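Listed below, chain by chain, are the residues.
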There are 2 protein chains.
Amino acid sequence: MNNKLQQMLRHNGLKERIVDSETAAGWIKDGMTVGLSGFTRAGDVKAMPGALVEKAKQEEFCLDVYTGASLGSDTDQIMTDAGIVCKRLPFQVDQRMREEINQGNISFIDQHLSHTAESVRNGSLNRIDAAIIEAVAITEEGWIVPSTSVGNSAVFAEEADMIIVELNMAQPADLEGMHDIYHMGRQGERGPIPLRDVEDRIGTTAIPVNPEKIQGIIVTKELDSPSTVTSPDETTKAMAGHLIDFLKNEYAHGNAEKELPPLQSGIGTVANAVFHGLLDSEFTNLEVYSEVLQDAVFDLMDAGKVRFASGCSITLSGEKMNKVFPKLEDYRDQLVLRPQELSNHPEIIRRLGLISINTALEADIYGNVNSTHVNGTNMMNGIGGSGDFARNARTAIFVTKSIAKNGDISSVVPFVSHVDHTEHDVDILVTEQGYADLRGLAPRERAAEIIQHCVHPLYKEQLWSYFQRACEEAGGQTPHLLEEALTWHVQMQKEGTMREAAMKI
Amino acid sequence: MNNKLQQMLRHNGLKERIVDSETAAGWIKDGMTVGLSGFTRAGDVKAMPGALVEKAKQEEFCLDVYTGASLGSDTDQIMTDAGIVCKRLPFQVDQRMREEINQGNISFIDQHLSHTAESVRNGSLNRIDAAIIEAVAITEEGWIVPSTSVGNSAVFAEEADMIIVELNMAQPADLEGMHDIYHMGRQGERGPIPLRDVEDRIGTTAIPVNPEKIQGIIVTKELDSPSTVTSPDETTKAMAGHLIDFLKNEYAHGNAEKELPPLQSGIGTVANAVFHGLLDSEFTNLEVYSEVLQDAVFDLMDAGKVRFASGCSITLSGEKMNKVFPKLEDYRDQLVLRPQELSNHPEIIRRLGLISINTALEADIYGNVNSTHVNGTNMMNGIGGSGDFARNARTAIFVTKSIAKNGDISSVVPFVSHVDHTEHDVDILVTEQGYADLRGLAPRERAAEIIQHCVHPLYKEQLWSYFQRACEEAGGQTPHLLEEALTWHVQMQKEGTMREAAMKI
């Protein structure tokens, strides 16, 4: 055993449990529920999925696969192609798996990311047969030090009958000490979560486990799949600009240096653009309490703009990994990674009073938001943590481009084809056209604000017409013409554009 | 000042502030925002609304009226008729006000009941100009002892510029000491809420205020409006039976005496029937952590079945008031009333792991729930606390009769006309036909479970047909035929029945 590996695997009794992935794959049986580490491509296991796919060439089997969130390394794709996934939760982004989900061949539970751990613990979901977790170390006590994400690894390890650890030699060893693993305890037997500030540490730096449960250790050497967030374009820059205008209007009190409540931001291009926009703003001393820490958070730390960032994973581009990982030590006092039930916990989100920023697929004129379903039927990715944050945030902001597909789709529609966030949980809607401040408004007032500030000129007149006719002909708290409500989507399905349906109005 | 009043008004400096309601109404000006006590008919102010209505005969004015929840004494009706309400939140049940809301003449913000206090405190809503609060006492320090509800009274008093107290001599004086007023503090500056068990007391028994802010005290002598919950009928009894069957299947472990996690139950006939059903069940040592404490909770306490009940209001029938109020002292160790942001707080609901029971107006085959909007447009009452509980409960149960209007309406439809609770937050659906256990199921699996167990025979075949054709023709995670999705509601609007639309399928 070489020096580095000795430092990584410090529990003496476990040294003899190093196995190859083929051996470990042999322990996984048909019908098992496996809990994999990994959150937005970060900290996922690199060897076991491939080994399971190999095993599937010899024998037929099917697994329920639970994770933190999405995986990298095409793991969901190769598992899908091998036909070894029966049920999948709580989030995924792979194109191939999406196809099988939408064809009804893989059963997908789209779940609030803070709920999975609770559901596993209280028996609403299956018992975890095997937890398969990437780590940068196993401590003297046999505890597991996660790598670039925590996700649901702690609860999987806690509840599993068997644990398989992948010790990844390519991940930065300096990650050790940056995690904060809090043991939530069972509902009805637990106390308050003692976290009061974004930088508080309330747990251990490794996942406490009975080392006897660690049945095998696999050594790997492969970095996470780099993130693929595209750079801001004119539209996303405009959206970021409006959002920052809102923040200025809300928090500008004549101070030269302005502070904000802690920020949460979903993954994606717009979120990245907003954070880049903050680089050039007068806001300073920022705090981040979020799920995924992307490139821009590190840019903001480098610029001295972000004081502290709490997340559940570090998901970086290849370029940024090369810059950040060698000097990770420099961020030690500004960074913490926690289990997703803690990063997304209603108790903490409400206590800290976060400003949350998440992406909508479409919104209706009353501000109900669809985050997941294309035309109400086909799953895109999943609700992720957006519900955890939007419901409990001080200010829940949703962003979306006002049109898609060169204007064939209006992102603001009469009636959303699927609801993930109800109007109760949507405070601010931002498009490249402007922002609508919906706080303290009744639905009819919300509609006027949204149509005026957020809708693309291509569809503005038609939405005014729909709204006015709905008020006159149907009335009600939330006026709708039910025969017309979904016609834009029907037209989209049939003709590939909403324009004609809108023109008829 | 008589003896009883002296005992009720114990702050010396405030004795000279006793005024009549006409005088106090003079302080309320056009455009003001007033915060009224009152939650589900309990503890509302009895004199000031009438005085304001009188004042409206002399001068025109309009107010934004914030409350805990619904009021009694026809208050919302007379204020509506007088035309003095511009905006109303967060909940109401009055028929006349509902009409004006649905005609767009009163702006109604339908809000999660735990959110109002936070929105007032963080400035998302208006500043409170005047808090008008019913009390059973003002202490030596000038603090306010609420009556049969706490609602939002604490935050209104805290944030208001002016406070008017109605000292109600008809309410039981023994209520003093039964409240638990916790000062939440501002977001970002607060710590954990130190409540670990339903019976914990973490605050004061009166609302702490600066007595200087109490501008007037009005003496009243009128009981709360009695509740109007109807007795269980065959259908609600069947629903309660199925729900209790679920609880038995979930929590029966061969013990003669069975215990349950703490229960929350929304207001209404079904909830009452469920609690009556528990009277005859083997469950014992029950705990209630809920909003409204209705007749049945006291029956369960009398029968030794409920160990402790925490609520936000006591709302009883006239008969029950006569029995309970004279011997209120007997319940002192088993009862606490808290602010609604505490009774409905996500932090506590999740920590305690409640079983929550709330009523659906309609549900779709995937388990999305509409609690508020008739045919997607007309407001019934409001979402109330159902969202606070369902999102954060250990097990979120929704109940609804499978049909309404003698079968002209199916409460399970292809596509709900309005969404208050997404499928993510609905674990169990109960009708008089049976219950569907949706935990750990993907949408297509949920649909099969719901159609099989919850749908009325009148509509069962048609919903199977819709679901199967949606799977074949549209596919997707949540298969829908968008052209057909809302046709049942359209038919209902046009013909007063869903049957024809369903027959066409």
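Chain A is annotated in an unreviewed UniProt entry as Acetyl-CoA hydrolase from Marinococcus halophilus. On record in UniProt, under Sequence similarities (unreviewed entry), the comment for chain A is "Belongs to the acetyl-CoA hydrolase/transferase family."

### Here's the deal with the overall build of chain A
Along the backbone of chain A there are 18 helices and 25 strands. Relative to the globule expectation of 23 Å for 505 residues, the C-alpha radius of gyration of chain A, 23 Å, shows essentially globular dimensions. Overall, the C-alpha framework of chain A stretches about 75 × 55 × 45 Å when taken along its three principal axes. Sorting the 505 residues of chain A into buried and exposed places 66% on the buried side. In chain A, once contacts between residues fewer than 6 apart in sequence are set aside, the share between residues at least 24 apart is 73%. Carbon and sulfur atoms make up 45% of the accessible area of chain A, which amounts to about 16,400 Å² in all. The averaged location of the 73 negative side-chain charges in chain A is 2 Å from the averaged location of its 45 positive side-chain charges.

### A short note on the pairing of strand 7 (residues 162-168) of chain B
All names here are of chain B. Burial analysis of strand 7 places seven of its seven residues in the buried class, which makes it a mostly covered element. Where burial is concerned, the two faces of strand 7 agree: the one with Met162, Ile164, Glu166 and Asn168 and the one with Ile163, Val165 and Leu167 are both buried. Pairing between strand 5 (residues 130-138) and strand 7: five bridges, direction parallel. Bridging from a neighbouring strand, Glu134 pairs with Glu166 of strand 7. Where strand 7 meets strand 8 (residues 214-220), six bridges bridge the pair, whose relative direction is parallel.

### Quick look at the relation of the copies chain A and chain B
Note on the copies: chain A fits chain B at an RMSD of 0.0 Å, the axial shift is 0.0 Å, and the rotation between them is 180°. Read as a symmetry element, the transformation amounts to a two-fold axis. Relative to the rotation axis, the closest C-alpha in chain A is found at Glu347(A), a distance of 2.2 Å. Comparing interface residues between copies, 100% of those in chain A also lie at the interface in chain B; the contact surface is shared.

### Focus: the sheet that holds strand 16 (residues 362-364) of chain B
What links the strands of a sheet is backbone hydrogen bonding, and the strands pair in either a parallel or an antiparallel sense. Residues and elements named next belong to chain B. If you walk across this open sheet you meet the three strands as 17-16-23, and the pairing is mixed. The two strands at the open ends of the sheet, each matched to only one other strand, are strand 17 (369-370) and strand 23 (412-413). Strand direction decides the pairing type here: strand 16 and strand 23, joined by two bridges, are parallel. By the bridge assignment for strand 23, Asp364 is matched with Val413.

### Quick look at the pattern of salt bridges
Throughout the structure, instances matching the rule amount to 76 salt bridges over all chains. The salt bridge involving Arg332(A) is made with Glu329(A); its shortest N-O contact spans 2.9 Å. Judged by its relative accessible area of 39%, Glu329(A) falls in the partly exposed class. Across the pair Glu118(B) and Arg350(A) runs a salt bridge whose closest N-O atoms are separated by 3.0 Å. Taken together, the residues span two chains, with Glu118(B) in helix 6 (residues 115-121) and Arg350(A) in helix 13 (residues 346-352). In terms of burial, Glu118(B) and Arg350(A) fall into one category: buried.

### What to know about the UniProt feature "domain: Acetyl-CoA hydrolase/transferase C-terminal" (unreviewed entry) in chain A
UniProt tags residues 328-465 of chain A as "domain: Acetyl-CoA hydrolase/transferase C-terminal" (unreviewed entry). Structurally, residues 328-465 of chain A is divided into 28% helix and 26% strand, and its ends, taken at the C-alpha atoms, are 55 Å apart.

### With respect to the interface of chain A and chain B
Tallying the contact residues gives 74 residues for chain A and 74 residues for chain B. Surface buried jointly by chain A and chain B totals about 6,100 Å² across both partners, of which 49% is contributed by carbon and sulfur atoms. Contact with chain B buries area across many residues of chain A, yet Arg350(A), Arg391(A) and Leu482(A) alone supply 14% of it, more than any other trio. The interface formed by chain A and chain B holds eight salt bridges in total.

### Section: the side chain of His418(B)
All names here are of chain B. Secondary-structure assignment places His418 in the loop between strand 23 and strand 24 (428-431). Overall, the relative accessible area of 8% leaves His418 in the buried class. Polar side-chain contacts of His418 include one of 3.4 Å to the side chain of His373. With residues near it in sequence (within four places) discarded, His418 still touches Glu362, Val369, Asn370, Thr372, His373 and Gly376.

### Brief notes about the sheet that holds strand 23 (residues 412-413) of chain A
What the three strands build is an open sheet, ordered 17-16-23 (chain A); its pairing is mixed. Since the sheet does not close on itself, it has two edges, and those belong to strand 17 (369-370) and strand 23 of chain A, each with one partner.

### Section: the domain arrangement of chain A
All names here are of chain A. For chain A, the assigned domains read domain 1 (3-220) and domain 2 (234-457). Here the C-alpha centroids of domain 1 and domain 2 sit 28 Å apart. Between domain 1 and domain 2, the contact holds 49 residues from the first and 46 residues from the second. Between domain 1 and domain 2, a total of about 3,800 Å² is buried, with carbon and sulfur atoms accounting for 57% of that surface. Its largest share of buried area at the contact with domain 2, domain 1 owes to Met178, Leu195 and Val198, together 19% of the area lost on that side. In this structure, the connection of domain 1 to domain 2 is made through three salt bridges.

### Regarding the packing of helix 3 (residues 48-56) of chain A against helix 4 (residues 75-82) of chain A
All names here are of chain A. For the pair helix 3 and helix 4, interaxial distance at closest approach is 9 Å and the crossing angle is 10°. The orientation of helix 3 with respect to helix 4, classified from their angle, is roughly parallel. For the pair formed by helix 3 and helix 4, the contact residues are Pro49, Gly50, Val53 and Ala56 on the first element and Thr75, Ile78, Met79 and Ala82 on the second. Of the residues in the contact of helix 3 with helix 4, the class split is six nonpolar, two polar and no charged.

### Some remarks on the state of the cysteines
Disulfides are covalent bonds that connect the sulfur atoms of two cysteines. Summed over all chains, the structure comprises two disulfides over all chains. At a sulfur-sulfur separation of 2.1 Å, the disulfide partner of Cys62(A) is Cys86(A). Classification of the bridge connecting Cys62(A) and Cys86(A) rests on its S-S torsion, roughly 130°, and on that basis the disulfide is right-handed. One end of the pair, Cys62(A), is in the loop between helix 3 and strand 2 (63-66); the other, Cys86(A), is in strand 3 (residues 85-89), and 24 residues separate them in sequence. Cys471(A) carries a free sulfur, and the closest cysteine sulfur to it, the one in Cys86(B), is 18 Å from it.

### Thoughts on a nonpolar patch on the surface
Residues and elements named next belong to chain A. On the surface, Met1, Ile18 and Val219 cluster together into a nonpolar patch covering about 220 Å² of accessible area. Along the chain, Met1 falls in the segment before helix 1 (3-8). Look at Met1 and you get partly exposed, because its relative accessible area is 46%.

### Thoughts on the environment of Lys327(B)
Position of Lys327(B) relative to the elements: it lies in the loop between helix 11 (318-324) and strand 14 (335-337). A C-alpha to C-alpha distance of 17 Å links Lys327(B) and Val306(B), two positions 21 residues apart in sequence.

### Focus on unusual backbone geometry
As a rule of thumb, non-glycine residues mostly have phi less than zero, and peptide bonds are mostly trans rather than cis. All names here are of chain A. In the segment running from Leu89 into Pro90, the intervening peptide bond is cis, with an omega of -5°. By the element assignment, Pro90 lies in the loop between strand 3 and helix 5 (95-102). Positive phi outside glycine occurs at Asp74, with the angle close to 55°. Structurally, Asp74 can be placed in the loop between strand 2 and helix 4. Overall, the relative accessible area of 47% leaves Asp74 in the partly exposed class. Within the chain, Asn375 stands out as a residue other than glycine whose phi angle is a positive 50°.

Parameters at a glance
- Residues numbered from 1 in each chain as written.
- Chains lettered and ligands numbered in written order.
- Predicted model: local features only at pLDDT ≥ 70, side-chain atom pairs only at ≥ 80, totals over all residues.
- Heavy atoms only, no water.
- UniProt positions renumbered as here; feature names shortened; annotations may be inferred.
- Helix = DSSP H or I, 4+ residues; strand = E, 2+ residues; numbered from the N terminus.
- Rg over C-alpha atoms; globule rule 2.2 N^0.38 Å.
- Buried < 20%, exposed > 50% of the residue type's maximum accessible area, 1.4 Å probe, protein only.
- Contact = heavy atoms within 4.5 Å.
- Areas by Shrake-Rupley, 256 points an atom, 1.4 Å probe, with all protein chains shown as cover.
- Lys, Arg positive; Asp, Glu negative; His and termini not counted.
- Charge placed at Lys NZ, Arg CZ, Asp CG, Glu CD.
- Pairing = 2+ DSSP bridges.
- Least-squares fit on C-alpha atoms with pLDDT ≥ 70 in both.
- Salt bridge = Lys/Arg side-chain N within 4 Å of Asp/Glu carboxyl O.
- Buried area = accessible area lost by both parts, 1.4 Å probe.
- Polar contact = N/O pair within 3.5 Å; in protein donor to acceptor, adjacent residues only side chain to side chain.
- Domains from an automatic or database assignment.
- Axes fitted to C-alpha atoms, helices over the stretch in contact; angles between N-to-C directions.
- Parallel < 35°, antiparallel > 145°, perpendicular 65-115°, else oblique.
- Nonpolar A, V, L, I, M, F, W, Y, C, P; charged D, E, K, R; others polar.
- Disulfide = S-S within 2.5 Å.
- Patch = residues over 30% accessible without salt bridge, like charges linked within 9 Å, V, L, I, M, F, W, Y side chains within 5 Å.

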